[in-house]
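# Structural description and commentary
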Amino acid sequence: MPCAIPTLANAIVITNLDDVDGTATLTMYESDGDIATATVDLTPHGMVVNLVNNLDWTVTDSSGSGAIGDARSYIDLSATVNVDGTAMITN
């Protein structure tokens, strides 16, 4: 189920360092037990710049409240290519 994350300025930047297309999967783990994923496409040597709440998140485990964005969280990133990235989280 896609969901919106009520944040103001949480941004990510992911750069594909390889010569081939790839994908990056972001997994958000919330302290209340909810887990959600979002996948972005990466072009060769391309960059994805986006706000976290603009990504297409899908709840994969609703052990907590079932609502993403209502608890403290961290995001793990895995990719099919070599990537570099950063995140900016503000409140």
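In this report, we go over the structure that sits alongside the text. Just so it is clear, the structure is predicted and the values come from calculations on it, not from any experiment.

### Describing the overall build of the protein
Scanning the protein for helices and strands turns up zero helices and eight strands. For the protein, the sequential pattern of α-helices and β-strands runs β-β-β-β-β-β-β-β. The contacts in the protein between residues at least 6 apart in sequence include a share of 72% that link residues at least 24 apart. With an accessible surface of roughly 5,300 Å², the protein has 52% of that area assigned to carbon and sulfur atoms.

### Focus: the packing of aromatic side chains
By the definition in use, this model includes one aromatic pair. On the basis of an interplanar angle of 25° and a centroid distance of 5.2 Å, the ring pair of Tyr29 and Tyr74 is categorised as stacked. In this pair, Tyr29 sits in strand E3 (residues 22-30) while Tyr74 sits in strand E7 (residues 73-79), placing the two residues 45 residues apart along the sequence. When its relative accessible area of 29% is taken as the criterion, Tyr29 is described as partly exposed.

### Here's the deal with the sheet that holds strand E8 (residues 83-88)
One open sheet holds the three strands; their spatial order is E5-E2-E8, and the pairing between them is antiparallel. Taken across any chain shown, the strands that pair with only one partner, and hence form the sheet edges, are strand E5 (47-51) and E8. For this sheet, the mean angle separating the axes of adjacent strands, direction not counted, is 10°. Taken together, the six bridges between strand E2 (residues 11-16) and E8 define a ladder with antiparallel strand orientation.

### Some remarks on the environment of Val48
Looking at the element boundaries, Val48 is found in strand E5. Assessed through its relative accessible area of 14%, Val48 is described here as buried. Residues Val48 and Asn16, spaced 32 residues apart in sequence, show a C-alpha to C-alpha distance of 8.6 Å. When neighbours within four sequence positions are excluded, Val48 is seen to be in contact with Ile12, Val13, Ile14, Val40, Asp41 and Leu42.

### With respect to unusual backbone geometry
Phi is positive for His45, close to 55°, though the residue is something other than glycine. By secondary structure assignment, the location of His45 is in the loop between strand E4 (34-42) and E5.

### Concerning the nonpolar core
Within the largest apolar cluster, 16 residues are counted, with the highest numbers of intra-cluster contacts made by Ile12, Ile14, Leu26, Val40, Leu42, Leu55 and Trp57. Of all the secondary structure elements, the ones that give two or more residues to this core are E2, E3, E4 and strand E6 (57-62). Here the element with the most residues in this core is E4; it accounts for four residues. If we skip the residues at most four places from it in the chain, Leu55 touches Ile12, Leu26, Ala38, Val40 and Asn50.

Conventions and cut-offs
Residues numbered from 1 in each chain as written. Predicted model: local features only at pLDDT ≥ 70, side-chain atom pairs only at ≥ 80, totals over all residues. Heavy atoms only, no water. Helix = DSSP H or I, 4+ residues; strand = E, 2+ residues; numbered from the N terminus. Contact = heavy atoms within 4.5 Å. Areas by Shrake-Rupley, 256 points an atom, 1.4 Å probe, with all protein chains shown as cover. Phe/Tyr/Trp six-rings, centres within 6.5 Å; stacked < 30°, edge-to-face > 60°. Buried < 20%, exposed > 50% of the residue type's maximum accessible area, 1.4 Å probe, protein only. Pairing = 2+ DSSP bridges. Axes fitted to C-alpha atoms, helices over the stretch in contact; angles between N-to-C directions. Core = buried A, V, L, I, M, F, W, Y, C linked by side-chain atoms within 4.5 Å.

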